[in-house]
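Given next are the chains, with one letter for each unit.
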Amino acid sequence: MDNNRFWKMDRREAVAQELLRNLDYKFESHCSVKSEDEQSLAEHKESCIFRPVGCSNEGCKVKFCAVYEEQHDSICPYKVLPCEQNCPGMIMRREMDRHCVTVCPMRLMNCPFYHVGCHTAIPQCTLECHCKENLRTHLICTLPIVHRNEEASEEEWKLRAEALVKAQSENELSEALDLRSLSIIVKKLQAMKREQQIEETRESTNV
Ligand SMILES: [Zn+2]
Ligand SMILES: [Zn+2]
Ligand SMILES: [Zn+2]
Ligand SMILES: [Zn+2]
């Protein structure tokens, strides 16, 4: 035996072969075929279902009988698979869990307006779309926070949200992807509106 704490690969294989020959009565892992001559033995070795083969997945060093190739493939940690959350990524089985919670664009996140009332979890990559489609909902959640000191009914906040949507010059409101940025734009739009009103009263009194 080697001085090494572990046996060399060829030594391990030889011992394994010997053990199998003696213990595997049902021939589940070794071959029962007996060949008369060297040539037919050599031919059989090429096609024997128990011939040793290596895993074809890059990075995997596991060897097994050819007959168990599929079985191994179905659990091989190095097998590359389509993302379980259906992003376009192809991910090794051993990295799938981590991928799905860290970098996968389809991983779920709470809406950034969750704590103020939009109780939805969305795939991270759909955030922009969600903010566009739910702009009014997000505004109705944001307005009472911007106007902390004001009391208003749900209906009044709705009307004010609608007025803001109309007042924006482009789509700057839907481009705000969190409470802070939306509040800033809301305040800006409201300030502009106030200035406009002052301007209008000045003009009308000047006439
Ligand atoms: Zn065989
Ligand atoms: Zn493998
Ligand atoms: Zn993914
Ligand atoms: Zn939302």
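This is a predicted model, so every value here is computed, not measured. Residue indices begin from 1 for each chain and proceed along its sequence in written order. Chain letters and ligand numbers both follow the written order, the letters beginning at A and the numbers at 1. Local features in this predicted model are restricted to residues of pLDDT 70 or higher, and side-chain atom pairs are both shown and tallied only at a pLDDT of 80 or more, whereas totals for entire chains, interfaces and linings draw on every residue. Note that water and hydrogens are dropped before the side-chain values are worked out from all heavy atoms of the structure.

1. Re the overall build of the protein chain
Move 1: Here a helix means four or more residues in a row that DSSP labels H or I, a strand means two or more in a row labelled E, and each is numbered from the N terminus. Each helix and strand in the protein chain was counted, giving 9 helices and 6 strands.
Move 2: C-alpha atoms define the radius of gyration in this analysis, and the globule rule sets the expected value at 2.2 Å times the number of residues to the power 0.38. A globule of 207 residues ought to have a C-alpha radius of gyration of about 17 Å, yet the protein chain, at 34 Å, is considerably larger.
Move 3: Each of the three principal axes of the protein chain carries a C-alpha extent, and together these read 120 × 35 × 30 Å.
Move 4: A 1.4 Å probe and the Shrake-Rupley method give the accessible areas. Residues count as covered only by the protein chains that appear here. Accessible surface computed for the protein chain: about 15,400 Å², of which carbon and sulfur atoms make up 52%.
Move 5: His is not counted here, nor are the chain ends, while Lys and Arg score as positive and Asp and Glu score as negative. For the purpose of locating charges, the reference atoms are NZ of Lys, CZ of Arg, CG of Asp and CD of Glu. Taking the average place of the 28 positive charges on the side chains of the protein chain and the average place of its 34 negative ones, the gap between the two points comes to 5 Å.

2. Examining the coordination of the zinc ion (ligand 4)
Move 1: As a rule, N, O and S atoms within 2.8 Å of a metal are its donors, except that Na, K and Ca use 3.2 Å; water is not among the atoms, so sites may look incomplete. The protein atoms that coordinate the zinc ion (ligand 4) are C111 (SG), C118 (SG), H130 (NE2) and H138 (NE2), at distances of 2.0 to 2.2 Å.
Move 2: Labels for metal geometry use angle windows, namely 85 to 135 degrees for all angles of a four-donor tetrahedral site, and for square planar (four donors) or octahedral (six donors) sites opposite donors over 155 degrees apart plus all others within 65 to 115; sites meeting none of these are irregular. Note that the zinc ion (ligand 4) binds 4 donor atoms; their angles at the metal cover 102 to 119°, and the shape is tetrahedral.
Move 3: Counting residues between consecutive donors of the zinc ion (ligand 4) along the chain gives the motif C-x6-C-x11-H-x7-H. Each member of the pair, H130 as well as H138, is classed as buried. Between buried and exposed lies partly exposed: a residue is buried under 20% and exposed over 50% of the maximum accessible area for its type, with that area taken using a 1.4 Å probe on protein chains only.

3. Focus: the coordination of the zinc ion (ligand 2)
Move 1: C55 (SG), C60 (SG), H72 (NE2) and C76 (SG) make up the full set of protein donors to the zinc ion (ligand 2), lying at 2.0 to 2.3 Å.
Move 2: In this structure, the zinc ion (ligand 2) is surrounded by 4 donor atoms whose angles at the metal cover 105 to 118°, and the resulting shape is tetrahedral.
Move 3: Here the donor residues of the zinc ion (ligand 2) share one chain and are spaced in sequence as C-x4-C-x11-H-x3-C. Remark: H72 occurs in helix α3 (residues 69-73) and C55 occurs in the loop between β1 (52-54) and β2 (63-65); sequence separation between them is 17 residues. An identical accessibility class is assigned to C55 and H72; each is buried.

4. Quick look at the UniProt feature "zinc finger region: TRAF-type" (unreviewed entry) in the protein chain
Move 1: UniProt positions are given in the numbering used here, feature names are shortened, and annotations may be inferred rather than shown by experiment. Those places that UniProt annotates as "zinc finger region: TRAF-type" (unreviewed entry) correspond, in this numbering, to residues 72-128.
Move 2: Along residues 72-128 one finds 19% helix and 21% strand; the C-alpha atoms at either end are 42 Å apart.

5. Digging into the pattern of salt bridges
Move 1: Whenever a carboxyl oxygen of Asp or Glu lies within 4 Å of a side-chain nitrogen of Lys or Arg, that contact is scored as a salt bridge. By the definition in use, this model includes 4 salt bridges.
Move 2: R136 is the salt-bridge partner of E162, the closest N and O atoms lying 2.8 Å from each other. Taken together, the positions of E162 in helix α7 (residues 154-167) and R136 in helix α6 (residues 135-146) put the pair 26 residues apart, joining distant regions of the chain.
Move 3: Note on E162: relative accessible area 26%, which makes it partly exposed.
Move 4: Residue R136 is classed as partly exposed on the basis of its relative accessible area of 40%.
Move 5: The salt bridge involving R202 is made with E199; its shortest N-O contact spans 3.7 Å. Placement of the pair is R202 and E199 together in helix α9 (residues 179-206), with a separation of 3 residues, close to one helical turn.

6. Looking at unusual backbone geometry
Move 1: Positive phi outside glycine occurs at N86, with the angle close to 65°.
Move 2: Owing to a relative accessible area of 64%, N86 belongs among the exposed residues under this scheme.

7. Observations regarding the layout of surface pockets
Move 1: Of the voids in this model, the second largest pocket is the one considered here, and its volume is about 220 Å³.
Move 2: Lining the second largest pocket we find H147, R160, A163, L164, A167, L189, Q190, K193, R194 and Q197.
Move 3: Elements with a minimum of two residues in the lining of the second largest pocket: α7 and α9.
Move 4: With 5 residues, the top contributor of residues to the lining of the second largest pocket is α9. Lining residues are defined by having an atom within 4 Å of a point belonging to a cavity or pocket. Those points lie on a 1 Å grid over the protein atoms alone, cavities being sets where a 1.4 Å probe fits but cannot get out and pockets being open sets with protein on both sides within 12 Å along at least five of seven lines. Grid points are joined across faces, edges and corners, and a volume is the space filled by probe spheres set on the points.

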